[in-house]
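# An overview of the molecular structure
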Amino acid sequence: HPPHTEPRFQAMTATTRQAHQLKPAHVDSADVKATTKKDSGIAQHPKTPLTTILLKTAVTLMALVLLTPVSMTLIFLAKLYRRVFSAEQLQQAKPADKAGSAQQKKKNTKTVMLTGAKMTKSLQLARLFSAAGHRVVMVETHKYWLSGHRYSKAVSAFRTVPSPAKDPKGYIDGLVKIAIEEKVDLFVPVSSPVSSYYSALAKPQLSKHCTVLTFDAETCKTLDDKFLFCKKAAELGLSIPQAHLITDPQQLVDFNYNAPENAGRRYIVKSICYDSVTRLDLTRLPCPNVKEFASKLPISKERPWVMQEFIKGQEYCTHSLCRDGKVLVHCCSPSSAFQVNYTHVHKPKIYAWVEKFAKEMNLTGQASFDFIETPSGDVFPIECNPRTHTAVSTFHDHPCLADAYVEPSNLEGVKLPIEPLPTSKPTYWLAHEAWRLMQARSLSEVAAILQKVASGQDAMLSAEDPMPFLMVHHWQIPLLLFKAFISAKEWVRIDFNIGKLVEVGGD
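Residues numbered from 1 in each chain as written. Predicted model: local features only at pLDDT ≥ 70, side-chain atom pairs only at ≥ 80, totals over all residues. Heavy atoms only, no water.

### A look at the overall build of the chain
Note the cut-off: Going along the chain from the N terminus, every DSSP run of H or I of four or more residues is numbered as a helix, and every run of E of two or more is numbered as a strand. Type-normalised accessible area, obtained with a 1.4 Å probe on protein chains alone, sets the label of each residue: buried when under 20%, exposed when over 50%, and partly exposed for intermediate values. Note on areas: Shrake-Rupley with a 1.4 Å probe; residue coverage comes only from the protein chains shown.
Regarding its fold elements, the chain presents 16 helices and 18 strands. The buried share of the chain, reckoned over its 507 residues, is 52%. Only carbon and sulfur atoms are counted for the fraction: they give 58% of the accessible area of the chain, which is about 23600 Å².

### Brief notes about the sheet that holds strand β16 (residues 457–458)
Spelled out, the test is: DSSP-based pairing: two strands are paired if at least 2 bridges between them are found.
Across the sheet, which stays open at both edges, the three strands sit in the order β12-β15-β16 with mixed pairing between neighbours. The open sheet is flanked by β12 (341–342) and β16, the only strands paired with a single partner. Two elements, strand β15 (residues 427–428) and β16, share two bridges in a ladder whose sense is parallel. Each residue of the ladder has a partner; that of T427, found in β16, is Q457.

### Let's talk about helix α8 (residues 217–224)
Keep this limit in mind: In what follows, a contact means two residues having at least one pair of non-hydrogen atoms within 4.5 Å.
All of the buried residues in α8 are A217, T219, C220, T222 and L223. Against the buried residues of α8 lie α6 (196–201), α9 (226–235), α12 (348–361) and β14 (379–385).

### What about the packing of aromatic side chains?
Heads up, the rule is: Between rings of Phe, Tyr and Trp, where Trp is taken as its six-membered ring, a pair exists when centres lie within 6.5 Å; planes separated by under 30 degrees are stacked, by over 60 edge-to-face, and by other angles tilted. By definition, being over a ring means that NZ of Lys or CZ of Arg is both within 6 Å of the ring centre and within 35 degrees of the ring normal.
Evaluated as defined, the whole model comprises 15 aromatic pairs. Ring geometry for Y342 against W429: centres 6.1 Å apart, planes inclined by 80°, an arrangement best described as edge-to-face. Of this pair, Y342 sits in strand β12 while W429 sits in the loop between β15 and α14 (430–439), and the two are 87 residues apart along the sequence. Take Y342: its relative accessible area is 3%, and that puts it in the buried class. The class for W429 is buried, based on a relative accessible area of 0%. One aromatic cluster is present, formed by F229, W353, F357, F369 and F371 through successive ring pairs. Cation over ring: K118 sits above Y144, and NZ or CZ is 4.5 Å from the ring centre. In this structure, R284 is placed above the aromatic ring of F310, and the distance from its NZ or CZ to the ring centre is 4.3 Å.

### Focus: the pairing of strand β13 (residues 365–373)
When a strand is regular, its side chains alternate between the sheet's two faces. A large share of β13 lies buried, amounting to nine of its nine residues. Residues G365, A367, F369, F371 and E373 point to one face of β13 and Q366, S368, D370 and I372 to the other, with burial holding for every one of them. With seven bridges connecting them, strand β10 (residues 314–323) and β13 associate as antiparallel partners. Bridging from a neighbouring strand, S320 pairs with A367 of β13. In the sheet, β13 pairs with β14 via six bridges, with the strands oriented antiparallel. Bridge pairing links F369 to C384 in β14. Between the end of β13 and the start of β14, which pair antiparallel, lie five residues, with G377 showing a positive phi angle near 100°.

### Brief notes about a nonpolar patch on the surface
Selection rule: The patch calculation keeps residues exceeding 30% relative accessible area without a salt bridge and links them within 9 Å when they carry like charges or within 5 Å when they are nonpolar (Val, Leu, Ile, Met, Phe, Trp, Tyr). We define a salt bridge as a side-chain nitrogen of Lys or Arg found within 4 Å of a carboxyl oxygen belonging to Asp or Glu.
The grouping of L67, V70, L74, F76, L77, L80, Y81, V84 and F85 at the surface amounts to a nonpolar patch, some 840 Å² of accessible area in total. Secondary-structure assignment places V84 in helix α2 (residues 68–92). For V84, a relative accessible area of 53% puts it in the exposed group.

### Thoughts on the packing of α9 against α12
Basically, it comes down to this: Note on definitions: angles span 0 to 180 degrees between N-to-C directions of axes, and those axes are lines fitted to C-alpha atoms, for helices only across the stretch in contact. Orientation categories follow fixed angle ranges, with anything under 35 degrees roughly parallel, anything over 145 roughly antiparallel, 65 to 115 roughly perpendicular, and all other angles oblique. Note on residue categories: nonpolar means Ala, Val, Leu, Ile, Met, Phe, Trp, Tyr, Cys or Pro, charged means Asp, Glu, Lys or Arg, and polar means any other residue, Gly included.
The interhelical angle for the contact between α9 and α12, taken along N-to-C directions, is 90°, at an axis separation of 11 Å. Considering their axes alone, α9 and α12 lie roughly perpendicular with respect to each other. On the side of α9, the interface is formed by F229, K232 and A233, while α12 contributes W353, F357 and M361. In terms of residue class, the contact of α9 with α12 is made up of five nonpolar, no polar and one charged.

### Considerations on the nonpolar core
Condition: Side-chain atoms within 4.5 Å link the members of a nonpolar core, which is a set of buried Ala, Val, Leu, Ile, Met, Phe, Trp, Tyr and Cys residues.
With 60 residues, the main nonpolar core has L114, L125, F129, Y405 and I477 as its most contacted residues. The dominant element in this core, judged by the number of residues it contributes, is helix α16 (residues 467–487), at seven residues. With residues up to four places along the chain from it excluded, the contact list for L125 reads L114, V188, V190, Q366, T388, V392, L401 and Y405. If you look at the next biggest cluster of nonpolar residues, it comprises 34 residues, including L236, I272, A367 and F371.

### Considering the environment of V406
Its place among the elements puts V406 in helix α13 (residues 401–406). On the accessibility criterion, V406 (9% relative accessible area) is buried. The spatial distance from the C-alpha of V406 to the C-alpha of K110 is 7.7 Å, given a sequence separation of 296 residues. Excluding anything up to four places from it in sequence, V406 contacts K110, V112, F129, H134 and L186.

### A word on the confidence of the model for the chain
The criterion, for reference: Across the chain, each position has a pLDDT score giving the predictor's confidence in that residue, from 0 to 100.
Averaged over all residues, the pLDDT of the chain is 87; the fraction at 70 or higher stands at 84%. The model gives residues 1–11 a pLDDT under 50, and that stretch makes 30 contacts with residues more than four places away or in other chains. Low pLDDT, under 50, characterises residues 13–44; the stretch is placed with 79 contacts to residues that sit more than four places away or in other chains.

### Considerations on the pairing of strand β17 (residues 491–495)
Among the five residues that make up β17, four are buried, leaving the element largely enclosed by the rest of the structure. Across four bridges, β17 lies against strand β18 (residues 500–503) in antiparallel orientation. When the bridges of β18 are listed, W491 appears paired with E503. Here β17 folds back onto β18 in antiparallel fashion, the turn holding four residues, of which G499 has a positive phi close to 65°.

Shown next, in the form of structure tokens:
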């Protein structure tokens, strides 16, 4: 095998006490569920019989329709609970607090434009901005005109634009048109992986009409590229895992896994271009069938991948809002490959990493980082996503979050960064927890799920704003299923928190 320093391998390693000084990551079956030899192969998607696709879609669609009364009952119970407990809280509130709250809503009202209307994170920001007295305009692509969040009390206007992947100019022109017509003061992109770069491209034109809270296109591109991000972090002296740019499947076969500097290390490969299906495959290299595995991957110079060192430890995800290199908002939550539960935890080393990176890059925008914390307490970033993270749902009851986005001058005297309140409940999605409950194989698993539901709160369900919960589950997703049934399109799963069907080859 040729050494990994061969010119066609671009590699970087950590610069302080980082990947080369870290003990090799030995992996066992209990760490992360990896694919077996039988089912390994990220690009391997066996053709599903048409009857199976149609049956699965029809049954799921029918189930969501039949469960509508259940959702309505949950909304009624939430309203009843809120009425009983909020009456006592209102009586305890000081008159000055009530007057101050009403006065705050009347002054400094801004119009904020949010994209990503189909996703819970956009709804969360809309509710917080509206509660602070601001006017919210939600935007989505034409495909998701059926967004259930458009029916939220927090949303004053809902508009659609062309898909940025199919019509970049139409997308940018559409945003500019909405900004002018709605007299937008602030644009906060709540982007999908596909649209974050195009929202950054729109910044120069949108900046003529409103404040734009996102990175420039070049910074966005660097942050979103798993290889370039690691390269930049290494240049700043920050810890990173070993990473290699892969533009040819043969590189995975030729790589010298037994070289002294690589001995004992395991690697995973990820598409630099976001792929909602392949991202869940954690096959680790080297493996016995590496040649067969590599041959199935759609790797090319046009679609490069990154081979990244697999580091054993606990995964965490973060959400940060930065302005001029300063972190104003930060949260951190335990994470996983398919993450639909969020609870804030304090991780000083992770925050210190984010703080230094933001300062050195002079970031202005929203950035989400994924980290691994090793058993020894060292932290290593896996990737950066230059967009809002769903972990922002942990700020559901924070009174200062809106100011951090809309009126940062109001934060004078507030300790930064703003983090979720210590009393904030963890967030989840009932539909996902119900599915897990049906798959539970022991009473202990059932008890753990029920405990999670009892101690947390659904990220969409709100007694004051019940329509999004009802419409996402029984309008938005059913219509997407109906469309999939008509077109006989295969889908992998329903992701309620981002409001879409995860499809093979989908957006």
